[in-house]
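Residue-level listing of the chains:
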Amino acid sequence: MPHINLYYKDENPSPLTLVWRRFKERLLSMTALYILLAMILVVIFSPILAPYSTSMQFADAVSLPPSWTEQGNIQFLMGTDDLGRDMLSRLLIGSIYSLGLPILMVAVSSIIGMVIGAVLGIDRTIKYQTFSRVFDTLLSIPSFLMALIIIAILGTGLFNVALAITLSLIPQFIFVTRNAVHQEWHKDYVTASRLNGCSKPYLLYRVILPNITPILVMQLTVSLSVAIMDIAALSFLGLGIQSPTPEWGSMLARSLDEVYLSPWSMVLPGVTLFVTIMSINIVGDSLRRALSERVNS
Amino acid sequence: MSHLLEVKNLGKTYRPRKAWPWSQKSVAIEPISFHIDAGETLAVMGETGSGKSTLAKIIAGVDNPSSGELWLNGQKLHNQHYQQRCHNIRMIFQDSENSLNTHLTLRKQLEEPLKFNTNLTAQERNEKIDIALRRVGMLTEHGEFYPHMLSSGQKQRVCIARAIILEPQIVVADEALVGLDPSVRAQIINLMLDLQQDMGISYILVTHSPQIVKHIADKILILYRGKMIVFDKTDIVLGDDQQPYVHQLLHDHLNKQIKFKSDKAKKIAD
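Residue positions are given per chain, counting from 1 as you read along its sequence in written order. Following the order in which they are written, the chains are lettered starting with A and the ligands numbered starting with 1. Note on the predicted model: pLDDT of at least 70 is required for a residue's local features to be given, and 80 or more for side-chain atom pairs to be given and counted; whole-chain, interface and lining totals, by contrast, use all residues. Hydrogens and water molecules were not included; the side-chain quantities draw on all heavy atoms of the structure.

**Student:** How would you explain the domain arrangement of chain B if you had to name every residue and give the values?
**Tutor:** All names here are of chain B. Domains are outlined according to an automatic or database domain assignment. Split into domains, chain B comes out as domain 1 (5-88 + 168-269) and domain 2 (98-167). Relative to domain 2, the C-alpha centre of domain 1 lies at a distance of 26 Å. Accessible area, probed at 1.4 Å, shrinks when two parts are joined; the buried area is that loss added up over both. Interface area, domain 1 with domain 2, both sides summed: about 1,300 Å², of which 66% is carbon and sulfur. Salt bridges are defined by distance alone: a side-chain nitrogen of Lys or Arg within 4 Å of a carboxyl oxygen of Asp or Glu. Counting the contacts that link domain 1 with domain 2 gives zero salt bridges. In protein, a polar contact means a hydrogen-donor-capable atom and an acceptor-capable atom, both N or O and within 3.5 Å, with residues adjacent in sequence counting only if both atoms are side-chain atoms; elsewhere, any N or O pair within 3.5 Å suffices. Inspection of the domain 1/domain 2 interface yields two residue pairs in polar contact (both at pLDDT 80 or more). For the side of domain 1 that touches domain 2, the secondary-structure elements that each account for two or more residues are helix H2 (82-86) and helix H6 (182-199). No other element matches H6, which puts seven residues into the side of domain 1 that touches domain 2. Residues are grouped as follows: nonpolar covers Ala, Val, Leu, Ile, Met, Phe, Trp, Tyr, Cys and Pro; charged covers Asp, Glu, Lys and Arg; every other residue, Gly included, is treated as polar. When the residues that make up the side of domain 1 that touches domain 2 are grouped by side-chain class, the tally is twelve nonpolar, four polar and no charged. Under the scheme used here, helices are H or I runs from DSSP no shorter than 4 residues and strands are E runs no shorter than 2 residues, and both carry numbers assigned from the N terminus.

**Student:** Which residues make up a nonpolar patch on the surface, and what are the values?
**Tutor:** All names here are of chain A. Like-charged residues are merged into a patch within 9 Å and nonpolar side chains (Val, Leu, Ile, Met, Phe, Trp, Tyr) within 5 Å, provided each residue has over 30% relative accessible area and no salt bridge. Note on areas: these come from Shrake-Rupley sampling with a 1.4 Å probe, and a residue is covered only by the protein chains present in the view. Together, Leu145, Ile149, Ile153, Leu154, Phe159, Leu163 and Leu167 line one region of the surface with nonpolar side chains, adding up to about 680 Å² of accessible area. Breaking the nonpolar patch down by element, the ones donating at least two residues are helix H5 (143-154) and helix H6 (158-185). It is H5 that contributes the most residues to the nonpolar patch, four residues altogether. Mapped onto the fold, leucine 167 is located in helix H6. Accessibility expressed as a relative area gives 41% for leucine 167, which makes it partly exposed. Categorising residues by exposure relies on relative accessible area from a 1.4 Å probe, with only protein chains included: less than 20% of the type maximum marks a residue as buried, more than 50% marks it as exposed, and the intermediate range marks it as partly exposed.

**Student:** Before we move on, can you summarise the UniProt feature "transmembrane region" (unreviewed entry) in chain A with the specific residues and values?
**Tutor:** Residue and element names in this part refer to chain A. UniProt positions are given in the numbering used here, feature names are shortened, and annotations may be inferred rather than shown by experiment. Within this structure's numbering, the places UniProt gives as "transmembrane region" (unreviewed entry) are residues 31-50, 96-122, 134-153, 159-177, 215-241 and 261-284. Counting secondary structure, residues 31-50 comes out at 95% helix and 0% strand; the distance between its end C-alpha atoms is 25 Å. This span, residues 134-153, is 85% helix and 0% strand, and a straight line between its end C-alpha atoms measures 20 Å.

**Student:** How would you sum up the interface of chain B and chain A? Please name residues and give values.
**Tutor:** In this complex, chain B contributes 30 residues to the contact, which on the side of chain A involves 24 residues. Across the chain B-chain A interface, the total number found is zero salt bridges. At the junction of chain B and chain A, the tally comes to nine residue pairs in polar contact (both at pLDDT 80 or more). Among the secondary structure elements, those contributing two or more residues to the side of chain B that touches chain A are H2, strand S6 (89-92) and helix H3 (106-117) of chain B. Counting residues per element, the side of chain B that touches chain A draws most heavily on H3 of chain B, which supplies seven residues. Here a residue-residue contact requires only that any non-hydrogen atoms of the pair lie within 4.5 Å.

**Student:** I'd love a proper account of the sheet that holds strand S5 (residues 75-76) of chain B, names of residues and values included.
**Tutor:** All names here are of chain B. Strand order in the open sheet formed by four strands is S2-S1-S4-S5, with antiparallel pairing between adjacent strands. Whereas interior strands pair on both sides, the edge strands pair on one side only; in this sheet they are strand S2 (26-36) and S5. Two elements, strand S1 (residues 5-14) and strand S4 (residues 67-72), share five bridges in a ladder whose sense is antiparallel. When the bridges of S4 are listed, valine 7 appears paired with leucine 70. Geometry is summarised by axes, namely lines fitted to C-alpha atoms with helices restricted to the contacting stretch, and by angles between N-to-C directions that run from 0 to 180 degrees. The strands touched by helix H1 (residues 52-60) are S1, S2 and S4; relative to S2, the strand with the most contacts, the crossing angle is about 60°. Being paired, for any two strands, means DSSP has found at least two bridges between them.

**Student:** Quick rundown of the UniProt feature "domain: ABC transmembrane type-1" (unreviewed entry) in chain A? Include the residues and the values.
**Tutor:** According to UniProt, the positions carrying the feature "domain: ABC transmembrane type-1" (unreviewed entry) are residues 99-284 of chain A. End-to-end, the C-alpha atoms of residues 99-284 of chain A are 16 Å apart, and along that stretch the chain is 82% helix and 0% strand.

**Student:** Explain the confidence of the model for chain A to me, using residue names and the numbers behind them.
**Tutor:** Here chain A averages 86 in pLDDT, while 96% of its residues score no lower than 70. The score called pLDDT rates the predictor's confidence residue by residue, from a low of 0 to a high of 100. Between the elements of chain A, mean pLDDT differs from a low of 82, seen in helix H4 (residues 126-139) of chain A, to a high of 93, seen in helix H2 (residues 27-49) of chain A.

**Student:** Pulling in residues and values, what's your account of the pairing of S4 of chain B?
**Tutor:** All names here are of chain B. Pairing between S4 and S5: two bridges, direction antiparallel. Looking across to S5, one finds that tryptophan 71 is bridged to lysine 76. Between S4 and the antiparallel strand that follows it, S5, lie two residues; asparagine 73 among them carries a positive phi value of about 50°.

**Student:** Please give an account of the sheet that holds strand S9 (residues 219-224) of chain B that cites residues and values.
**Tutor:** Residue and element names in this part refer to chain B. The six strands lie next to each other as S6-S7-S8-S3-S9-S10, forming an open sheet whose pairing is mixed. Strands with a single pairing partner mark the edges of an open sheet, and in this sheet they are S6 and strand S10 (227-233). Put simply, the sheet's adjacent strands are angled 15° from each other on average, direction ignored. In terms of strand pairing, strand S3 (residues 41-46) meets strand S8 (residues 202-206) through four bridges, oriented parallel. Across the sheet, threonine 41 pairs through a bridge with tyrosine 203, a residue of S8. Relative to the sheet, H1 contacts S3, S6, strand S7 (170-174), S8 and S9, its axis offset from that of S6 by approximately 140°.

**Student:** Please set out the environment of aspartate 63 of chain B residue by residue, giving values where relevant.
**Tutor:** All names here are of chain B. The residue aspartate 63 is located in the loop between H1 and S4 in this model. A residue is classified by how much of its surface remains accessible, and aspartate 63, at 28% relative accessible area, is partly exposed. Sequence spacing of aspartate 63 and arginine 107 is 44 residues, and the spatial spacing of their C-alpha atoms is 27 Å. Every residue in contact with aspartate 63, bar those within four places of it in the chain, is listed here: Lys12, Lys57 and Ile58.

**Student:** Quick rundown of the packing of aromatic side chains? Include the residues and the values.
**Tutor:** Ring geometry is summarised as follows: Phe, Tyr and Trp rings, the Trp one being its six-membered ring, pair when their centres sit within 6.5 Å, and such pairs are stacked at plane angles under 30 degrees, edge-to-face over 60 and tilted between the two. Considering all chains together, one arrives at six aromatic pairs over all chains under this definition. Between tryptophan 20 of chain A and phenylalanine 23 of chain A, the aromatic rings sit 5.7 Å apart at their centres with planes inclined by 20°, giving stacked as the arrangement. With tryptophan 20 of chain A and phenylalanine 23 of chain A both in helix H1 (residues 15-25) and three residues apart, the pair spans about one turn of that helix. In this structure tryptophan 20 of chain A comes out as partly exposed when scored by relative accessible area, which is 37%. We classify phenylalanine 23 of chain A as buried; its relative accessible area is 4%. A connected cluster of aromatic rings, assembled from ring pairs, spans Tyr52, Phe58 and Phe76 of chain A. Between lysine 8 of chain B and the ring centre of tryptophan 71 of chain B, over which it is positioned, the NZ or CZ distance is 4.5 Å. Two limits define a charge over a ring: the Lys NZ or Arg CZ must be within 6 Å of the ring centre, and within 35 degrees of the ring normal.

Structure below.
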């Protein structure tokens, strides 16, 4: 029997659902979102997907071009580098360092930054004000420079780089969260909830948080693209993740020497990096657009 | 017998944001004392910046007074003690658009005061919300709505529902009727009067409109630059020989109407 909907069903979409619907309407934003999700899946399943080990060298196939060219070999889909290592495996495994690690760093720094920012946004006493100003001062230093300074103190290495970038991202989260919470705090609906006798955690999580979620998500996308750029740039300069590890930035740096002989070893990591950052930025931008459209309508 | 609400020497001073710590504070309200009894409606009037809203906010507990005390039924009200205050004094805000949380359904917003101030179970809370919604002339189905789906009159009704859901003794309305068009305003006033009859609520009404004051207020309190210059029963205030300021506040609309009519007459004559 066919299922017939006899009754008109009431549907009350929440404001966040409405933003999501606006977001879905745009082809570009959905494409970017799907690319980003696919990238994240690749990060998770890269050890299974990679055909070879990243350090395995094939002596008979050094500097082999990608398989779609005349000299290419289907065994090495994206060719090999100057040491005979499979490019595809290196790119796949490299996503763990170039995309997975930034996601982790942004997650850690956002949690720390948002908690501090929320506390500073509510509390306006002198003590917290002093804290706020200190963090504001930190903002005046570009995050990349700050990461450089921290690395200069701690030394290079995977953990130190991750720590440096995580620390350098925190001030922005504090700034954004503090301002957003502070702005909402003086609106009537928060005052009304305060008069209802709500506890402070309830005010923050149930009353204010839904209202500032879009701002926070936007900041998350910005920070994620910054983190990816920073880690790639640091590795490119040789300060970040060191060479045998297949990080996209360090692969770019390596390829500089033989760029005329094997251009694919530079183009492939560069394009991957470009697509990743591009899709993140488009997602963030579309979100902003969807949000302002909803507010204006 | 003690009064329902006694305000004793209540004063508010504040320092402008960018002033030096030692510079003189500006006075929003000079110490004033008055009282209301159960079921009365007190209208607070005054020109812009005379401290009416500050007074309303202090009574509702949004701001703390700089000096003086509030006594409710012979019991002192403590600052920042929201649980104590919101069982007895509730506030309706000027701007109903901004005083509702756009991301929560009405039911969740109405649940807040019950959740934090009573020991009711979820079922009992739902029943109470239904009763409150019906009382202000809305449907129980409206509970699942988000604020952006309502008209401004409906929003104001929800704000009133939120104010009365804990069955308070006093409701403070800070220019709650300003943004509404006349027919909705009349509906809301009638609703407020009905609720007053049913539940014996006292209103503290901050308003500009002399018509509303004459219609529903039992007592009038007039502020002038933070000073209380008149506090008495409505008919006495209206019947008295009035100071020019008071006269202007209470009778300005009449002059305006007369002036408007004479202007019209002139235009026709021309």
